Amino acid sequence: MQTLELKSINLRGKLLTNASLAHYTSWRVGGPAQTLYEPADLADLMVFLKNLPQDEPLVWLGLGSNTLVRDHGIKGIVIITQGALIKMALLNGVTVRAEAGVACPALARYCARQGLEGVEYLAGIPGTVGGALAMNAGCHGGETWNQVLAVETLDRFGHAHLRTPADYEVAYRNVKGQPQEWFVAGHFKLVKGDKEQALERIRKLLAHRSATQPTSEPNCGSVFRNPPGDYAARLIEACGLKGQRIGKVVVSTKHANFIINEGGATAKDIEALIQLVADTVNQQHGIQLHREVHIVGE
Ligand SMILES: Cc1cc2nc3c(=O)[nH]c(=O)nc-3n(C[C@H](O)[C@H](O)[C@H](O)COP(=O)(O)OP(=O)(O)OC[C@H]3O[C@@H](n4cnc5c(N)ncnc54)[C@H](O)[C@@H]3O)c2cc1C
């Protein structure tokens, strides 16, 4: 009934029912979304939200590169920004507006080609701008919110807001502040620099990543946040957990904070291995690791 009501509105995006979320997450696991919407663009997404019953559970996904969807999927509506909110533009000499569905590596390259420096590190993060804003994604000393001048958000009624960093509590891989709003674009302040040097930094960073991370196998990046003054990967490796497996899920032998789907894994096994790793580190080092990866669904 929900879906029929939505179909009667003049939507330009793609509305799917019972759509497998394994196709929308980098671990390539997860059950179906009861309803999934891929908007055509920002205006279309606003129409969609305005017509949505207010009690309908809502989950937003970018590239699903930091999200574990459980095997029985998500009841309610999943909104996919990748491939939809994809506009990028130079607002003035040093400020770039990027919509939430823009892939982080695309933003990094766009800025570098304009001779703008400051977000080269985003080239190594295989998520969207929306996901990076939600997570305060970062690496190699860079963090998303260090460059944010403003963000554009939508609330559940489809109303637009322009917010500044002062509206949020931003910490290491953690952003709080406006729980009933979602990011639709970020305005990033960069510095004028050298195009070739910026592109060279990106090339080096990507070469370093493919040498140190299992980038070609389905994974979700670092599963745990680093505890203060230490590295989750060091602690996991010291417990002898590299290569530890449950079913088709294994702790990477290349980078101990990565968990790999070898093919045919279940979300249940991934979650069980995450728990096993956390428990083992706690028993052997007395340190409670906290997940960076978000777990959603049933
Ligand atoms: C190989 C690999 C390497 C990685 N390396 C890094 C790294 O170096 N540093 C790092 O920080 N991360 C890294 N990650 C993790 C991941 O890429 C980042 O966290 C990324 O920012 C997630 O973006 P996403 O679009 O995939 O988010 P998703 O997984 O789709 O979503 C993540 C969370 O953000 C929420 N969300 C998504 N879009 C929006 C939106 N528009 N508005 C509000 N909330 C939203 C989701 O609901 C979810 O809770 C890596 C992942 C992989 C697979």
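The structure displayed is predicted, hence computed values, not measured ones. (Residues numbered from 1 in each chain as written. Predicted model: local features only at pLDDT ≥ 70, side-chain atom pairs only at ≥ 80, totals over all residues. Heavy atoms only, no water.)

Undergrad: What is the right way to look at the side chain of Glu181 in this model?
TA: Note on placement: Glu181 falls in strand 15 (residues 181–189). By relative accessible area, Glu181 is classed as buried at 14%. Within the local environment of Glu181, its side chain forms a polar contact with the side chain of Thr153, the two groups lying 2.7 Å apart. There is a polar contact of 2.7 Å between the side chain of Glu181 and the side chain of Arg163. Those residues within four positions of Glu181 in sequence are excluded, and the remaining contacts are Thr153, Leu154, Asp155, His161, Arg163 and Tyr168. (Helix = DSSP H or I, 4+ residues; strand = E, 2+ residues; numbered from the N terminus. Buried < 20%, exposed > 50% of the residue type's maximum accessible area, 1.4 Å probe, protein only. Polar contact = N/O pair within 3.5 Å; in protein donor to acceptor, adjacent residues only side chain to side chain. Contact = heavy atoms within 4.5 Å.)

Undergrad: What is the right way to read the nonpolar core from this model?
TA: One recurring pattern in soluble globular proteins is that nonpolar side chains are buried together. Formed by 32 residues in total, the largest nonpolar core has its most connected members in Leu107, Cys111, Leu122, Leu133 and Trp145. Per element, the largest residue contribution to this core is 6 residues, and it comes from helix 3 (residues 104–113). If near-sequence neighbours (up to four positions away) are discounted, Leu122 is found in contact with Cys104, Pro105, Leu107, Ala108 and Thr144. Counting residues in hydrophobic clusters, the runner-up holds 27 residues, among them Ala265, Ile270, Leu273 and Val293. (Core = buried A, V, L, I, M, F, W, Y, C linked by side-chain atoms within 4.5 Å.)

Undergrad: For this particular structure, what's the right way to read helix 5 (residues 195–212)?
TA: For the α-helix, the turn length of 3.6 residues means that residues three or four positions removed from each other point alike. Helix length check: helix 5, at 18 residues, gives a terminal C-alpha distance of 26 Å against a target of 26 Å (1.5 Å per residue), a fit within 8%. Buried within helix 5 are the following residues: Ala198, Leu199, Ile202, Leu205 and Arg209. Mapping the buried residues of helix 5 onto a view down its axis gives an arc of 120°, with all of them on the same face. Along helix 5, exposed side chains directed more than 90 degrees from the buried face belong to Lys204 and Ala211. Looking at the packing, one finds that the buried side of helix 5 touches helix 3, strand 8 (116–117) and strand 9 (138–139). Capping of helix 5 at its N-terminal end is provided by Asp194; its side-chain oxygen lies 3.2 Å from the backbone amide nitrogen of Glu196. (Expected span 1.5 Å × (residues − 1). Arc of directions from axis to C-beta.)

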